[in-house]
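The primary structure of each chain is shown beneath.
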Amino acid sequence: VLVRDLAAGDAITASDLALRPLVNRGEMIDLVVRRGGIAAVVRAECRQDGRLGQLVSVLNPLDRRLVVARVAAAGVVTMGR
């Protein structure tokens, strides 16, 4: 994503670009919880922006507690083993 406006003919440099988050604060996302060979998917609210591989806080809708999960894809975070 461009971080500044560019005029026609301007060269784009690395400092002009920023990575786009795959999950966004306030967005409803899939929280994949793994335990052993079992995985469950729960819709949850993401509490911060995150890029691939980053840890973000997520509001667990079942008990209204914050958990930490890793961003796996657009709209998907995972926790557990």
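Quick caveat: nothing in here was measured; it's all calculated off a predicted structure. (Residues numbered from 1 in each chain as written. Predicted model: local features only at pLDDT ≥ 70, side-chain atom pairs only at ≥ 80, totals over all residues. Heavy atoms only, no water.)

## As for the overall build of the chain
Here is step 1 of the chain: Helix and strand content of the chain: 0 helices and 5 strands.
Here is step 2 of the chain: In the chain, the succession of helices and strands from N to C terminus is β-β-β-β-β.
Here is step 3 of the chain: Principal-axis analysis of the C-alpha atoms places the extent of the chain at approximately 55 × 25 × 15 Å.
Here is step 4 of the chain: Across the chain, the fraction of contacts at a sequence separation of at least 24, relative to all contacts at a separation of at least 6, is 32%.
Here is step 5 of the chain: About 5,600 Å² of surface is accessible on the chain, with carbon and sulfur atoms providing 54% of the total.
Here is step 6 of the chain: Distance between charge centroids for the chain: 12 Å, based on 12 positive and 8 negative side chains. (Helix = DSSP H or I, 4+ residues; strand = E, 2+ residues; numbered from the N terminus. Contact = heavy atoms within 4.5 Å. Areas by Shrake-Rupley, 256 points an atom, 1.4 Å probe, with all protein chains shown as cover. Lys, Arg positive; Asp, Glu negative; His and termini not counted. Charge placed at Lys NZ, Arg CZ, Asp CG, Glu CD.)

## Details of the sheet that holds strand 4 (residues 66-73)
Picture the strands of a sheet paired through backbone hydrogen bonds; they go either parallel or antiparallel.
Here is step 1 of the chain: One closed barrel accounts for 5 strands, arranged 1-2-3-4-5; its pairing is mixed. On average, each strand axis in the sheet is tilted by 50° relative to the strand beside it, whichever way the strands run.
Here is step 2 of the chain: Where strand 4 lies against strand 5 (residues 76-80), 3 bridges are found, and the strand directions are antiparallel. Of the residues in strand 5, the one forming a bridge with Val71 is Val77. (Pairing = 2+ DSSP bridges. Axes fitted to C-alpha atoms, helices over the stretch in contact; angles between N-to-C directions.)

## What to know about the confidence of the model for the chain
Here is step 1 of the chain: Looking at the chain as a whole, its pLDDT mean stands at 92, while 100% of the residues score no less than 70.
Here is step 2 of the chain: Within the chain, the lowest mean pLDDT, 94, falls on strand 5, and the highest, 97, falls on strand 3 (residues 55-59). (pLDDT = per-residue confidence, 0-100.)

## Topic: the environment of Val41
Here is step 1 of the chain: When you line up the elements, Val41 lands in strand 2 (residues 38-46).
Here is step 2 of the chain: When its relative accessible area of 55% is taken as the criterion, Val41 is described as exposed.
Here is step 3 of the chain: Through-space distance from the C-alpha of Val41 to that of Ala73 is 14 Å; in sequence the pair is 32 residues apart.
Here is step 4 of the chain: Excluding anything up to four places from it in sequence, Val41 contacts Asp30, Leu31 and Val32. (Buried < 20%, exposed > 50% of the residue type's maximum accessible area, 1.4 Å probe, protein only.)

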